[in-house]
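# Understanding the architecture of this molecule
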Number of protein chains: 2
Amino acid sequence: MTVEEQSTPENNILKAAKEIFQKKGMAAARMQEIADEAGINKAMLHYYYRSKELLFEAVFKSAFHMLAPQLNEIMNADTSVFEKIKNFSSNYISFVLKHPYLPNFIIQELNRNPEFVKNLIAEKNFPNISKFKQQVNHKIEAGEIRPINPEQLFINIISLNIFPFIGAPLLKGFVNINDEAYKQLMEDRKTEVADFIINAIKI
Amino acid sequence: MTVEEQSTPENNILKAAKEIFQKKGMAAARMQEIADEAGINKAMLHYYYRSKELLFEAVFKSAFHMLAPQLNEIMNADTSVFEKIKNFSSNYISFVLKHPYLPNFIIQELNRNPEFVKNLIAEKNFPNISKFKQQVNHKIEAGEIRPINPEQLFINIISLNIFPFIGAPLLKGFVNINDEAYKQLMEDRKTEVADFIINAIKI
DNA sequence: ACATTTGTCAACCATTTGGTTAAACTAATT
DNA sequence: AATTAGTTTAACCAAATGGTTGACAAATGT
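Residues numbered from 1 in each chain as written. Chains lettered and ligands numbered in written order. Predicted model: local features only at pLDDT ≥ 70, side-chain atom pairs only at ≥ 80, totals over all residues. Heavy atoms only, no water.

What follows covers the overall build of chain A. When you go through chain A residue by residue, the secondary structure sums to eleven helices and zero strands. When the elements of chain A are put in sequence order from the N terminus, they spell out α-α-α-α-α-α-α-α-α-α-α. Counting the 203 residues in chain A, one finds 49% classified as buried. Expressed as a percentage of contacts within chain A between residues at least 6 apart in sequence, the contacts between residues at least 24 apart total 69%. Accessible surface, chain A as shown: approximately 9600 Å² in total, 49% of it carbon and sulfur. Of note, chain A has its 24 positive side-chain charges centred 2 Å away from the centre of its 24 negative side-chain charges. (Helix = DSSP H or I, 4+ residues; strand = E, 2+ residues; numbered from the N terminus. Buried < 20%, exposed > 50% of the residue type's maximum accessible area, 1.4 Å probe, protein only. Contact = heavy atoms within 4.5 Å. Areas by Shrake-Rupley, 256 points an atom, 1.4 Å probe, with all protein chains shown as cover. Lys, Arg positive; Asp, Glu negative; His and termini not counted. Charge placed at Lys NZ, Arg CZ, Asp CG, Glu CD.)

As a further point, take the protein's contact with DNA strand D. Taken together, 13 residues form the shell around DNA strand D, and within it Met 44 and Tyr 48 of chain A together with Arg 30, Lys 42 and Lys 52 of chain B come nearest. The sugar and phosphate moieties of DNA strand D supply 57% of its atoms located within 4 Å of the protein. Tyr 48 of chain A is positioned with one of its side-chain polar atoms (N or O) 3.1 Å from a phosphate oxygen of DNA strand D. In the environment of DNA strand D, a phosphate oxygen lies 3.4 Å from a nitrogen or oxygen atom belonging to the backbone of Ala 29 of chain B. Among the secondary structure elements, those contributing two or more residues to the surface near DNA strand D are α3 (42-48) of chain A together with α3 (42-48) of chain B. When residues in the surface near DNA strand D are grouped by element, the largest group, four residues, is from α3 of chain A. (Near = heavy atom within 4 Å. Polar contact = N/O pair within 3.5 Å; in protein donor to acceptor, adjacent residues only side chain to side chain.)

Residues and elements named next belong to chain A. Of note, Asn 176 is a non-glycine position whose phi angle comes to about 60°, a positive value. Relative to the helices and strands, Asn 176 is located in the loop between α10 (168-175) and α11 (179-201). Under the relative-accessibility criterion, Asn 176 is labelled exposed at 63%.

So, on to the relation of the copies chain A and chain B. Each of the two chain copies can be brought onto the other by rotation about an axis and movement along it. Superposition record for chain A on chain B: RMSD 0.1 Å, screw rotation 180°, translation along axis 0.0 Å. Read as a symmetry element, the transformation amounts to a two-fold axis. When each C-alpha of chain A is compared by its distance to the rotation axis, Ala 200 of chain A comes out closest, at 1.8 Å. Looking at chain A, 100% of its interface residues are interface residues in chain B too, so the copies touch through the same face. (Least-squares fit on C-alpha atoms with pLDDT ≥ 70 in both.)

It is worth spelling out the domain arrangement of chain A at this point. Residues and elements named next belong to chain A. The domain boundaries assigned to chain A delineate domain 1 (1-50) and domain 2 (61-201). Centre-to-centre, using C-alpha coordinates, domain 1 lies 28 Å away from domain 2. Facing nine residues of domain 1, the contacting portion of domain 2 comprises nine residues. When domain 1 packs against domain 2, the two sides together hide about 670 Å² of surface, and 61% of this comes from carbon and sulfur. Its largest share of buried area at the contact with domain 2, domain 1 owes to Lys 18, Gln 22 and Met 26, together 62% of the area lost on that side. (Domains from an automatic or database assignment. Buried area = accessible area lost by both parts, 1.4 Å probe.)

Looking now at the side chain of Glu 151 of chain B. Looking at the element boundaries, Glu 151 of chain B is found in helix α9 (residues 150-166). Residue classification places Glu 151 of chain B among the buried positions, given a relative accessible area of 14%. With residues near it in sequence (within four places) discarded, Glu 151 of chain B still touches Val 175, Ile 177 and Leu 185 of chain A together with Lys 133 of chain B.

What follows deals with the pattern of salt bridges. Between side chains of opposite charge, pairing is possible as soon as their charged atoms come close. Residue and element names in this part refer to chain B. Counted by the stated rule, this structure contains 18 salt bridges over all chains. Lys 24 is the partner of Glu 33 in a salt bridge, and the nearest nitrogen-oxygen pair spans 3.2 Å. Judged by relative accessible area, Glu 33 falls into the partly exposed class, the value being 27%. Of the charged contacts in the structure, one is a salt bridge between Lys 133 and Glu 151, with a shortest N-O distance of 3.2 Å. Residue Lys 133 is located in helix α8 (residues 130-141), and its partner Glu 151 is located in helix α9; the two are separated by 18 residues in the primary sequence. (Salt bridge = Lys/Arg side-chain N within 4 Å of Asp/Glu carboxyl O.)

Below, the discussion takes up the interface of chain A and chain B. On the side of chain B, 49 residues touch chain A, which itself brings 49 residues to the contact. Counting the surface lost from both chain A and chain B, the interface buries some 4600 Å², and carbon and sulfur atoms represent 72% of this. Considering only the surface of chain A that becomes buried against chain B, Phe 163, Phe 174 and Phe 196 of chain A emerge as the three largest contributors, covering 16% of it. The interface formed by chain A and chain B holds zero salt bridges in total.

What surrounds DNA strand C is a group of 13 residues, the closest being Arg 30, Lys 42 and Lys 52 of chain A together with Tyr 47 and Tyr 48 of chain B. Of everything in DNA strand C that lies within 4 Å of the protein, sugar and phosphate atoms constitute 60%. In the environment of DNA strand C, a phosphate oxygen lies 2.7 Å from a nitrogen or oxygen atom belonging to the side chain of Arg 30 of chain A. Within the backbone of Lys 52 of chain A, an N or O atom sits 2.7 Å from a phosphate oxygen of DNA strand C. Here the element with the most residues in the surface near DNA strand C is α3 of chain B; it accounts for four residues. Classifying every residue of the surface near DNA strand C gives seven nonpolar, three polar and three charged. (Nonpolar A, V, L, I, M, F, W, Y, C, P; charged D, E, K, R; others polar.)

This is the structure we're talking about:
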């Protein structure tokens with residue numbers, strides 16, 4: 001049982017705060033609402049987490065730590081480029097289908113406060129793509145994939161996996177389908193995205 | 001000269017409100033800050049736009065109307081699928097480089113209030129992708145592009161073009177480059193993205 | 001010239017919000 | 001039973017915030 005799942009007051013508050021912060025964002029979230037969600041008095045929030053700012057930081061870091069290590073593990077694994085693309089797409093989409101508010105929350109708050117990234121970079125387990133870049137360059141030299149800037153390829157992988165969740169309300173409108181059908185499209189993307197990327201770079 | 005560029009009080013307020021709302025979002029934006037930005041008294045905001053909510057709606061619709069028609073024009077143009085992909089990528093990225101806060105603003109607020117999409121759909125000029133879908137299916141039957149769900153292809157196009165801007169703070173951290181270098185990557189994407197997509201679907 | 005509408009502002013108001021306090025309750029420890 | 005430390009609560013507070021008011025100026029029409 002991980003520390004997040006224990007039923008200490010701190011963790012109950014953190015769970016409630018996640019719920020509210022991720023749904024509404026820092027500015028629109030209300031301490032009272034978080035207290036209600038946690039079933040406690042508002043003063044308790046300040047007892048365990050001095051301020052809204054600190055509670056928010058705890059929530060944000062907890063959220064980020066759910067995502068980043070996954071990315072890092074896959075990118076630094078001893079598998080081929082194609083395997084990495086397949087594994088990341090499949091794992092990431094499965095994960096986000098279970099935590100739909102997470103990506104939007106992180107992106108939104110990083111845009112609100114871009115300097116926050118510096119704190120994250122300093123921590124260990126922050127995703128490092130140098131191995132991935134090497135592998136891609138190697139494959140290009142070996143003539144197995146088309147010439148492409150590895151950074152652009154990385155951005156493409158991330159974009160194709162993350163945006164369909166962040167942009168869901170808009171895309172549902174454009175494609176003109178209901179929630180059920182959209183969820184099915186996301187399920188299909190677990191393999192679809194990797195196929196698309198590999199076709200784009202394979203010679 | 002379009003109506004947005006005239007220097008009426010309404011438009012000055014709208015311009016100031018855009019600046020603040022797009023940078024901070026609805027919840028974190030302050031009426032006083034918008035008034036300061038517009039160089040007027042706070043009461044003026046309420047005189048011209050009854051409430052924060054209504055001012056926000058005006059800003060949101062104005063922002064959306066800058067983006068949506070472009071997408072619609074390109075998707076319904078009498079050009080080939082490949083041309084559409086090239087035109088959209090190039091036009092969209094050029095546009096967003098000039099209005100960097102716009103995509104994140106729209107996505108963020110649509111996530112906050114998903115029902116808002118319904119209002120937008122009702123308006124004319126809301127993007128319609130049925131022609132694009134037909135063209136893609138036709139090309140598949142003709143054996144010119146690989147089989148792919150046209151909706152997935154559309155989602156891919158949008159994702160590859162929009163996400164690099166919304167996720168910029170995060171991606172800058174992952175790729176570990178400064179703002180200048182990142183902007184150059186975006187410039188490169190004006191052609192890079194279309195090439196990538198076309199390689200992915202071309203037989 | 002006068003009256004009426006429209007625009008502008010400083011001061012004000014009611015409510016909300018994050019945060020505090022002091023007292024009360026609980027459960028272990030002596 | 002008394003002490004102590006940690007936990008919980010209701011009531012309270014100061015600051016911030018969206019919004020209003022009433023006086024006043026500047027156009028606008030007659």
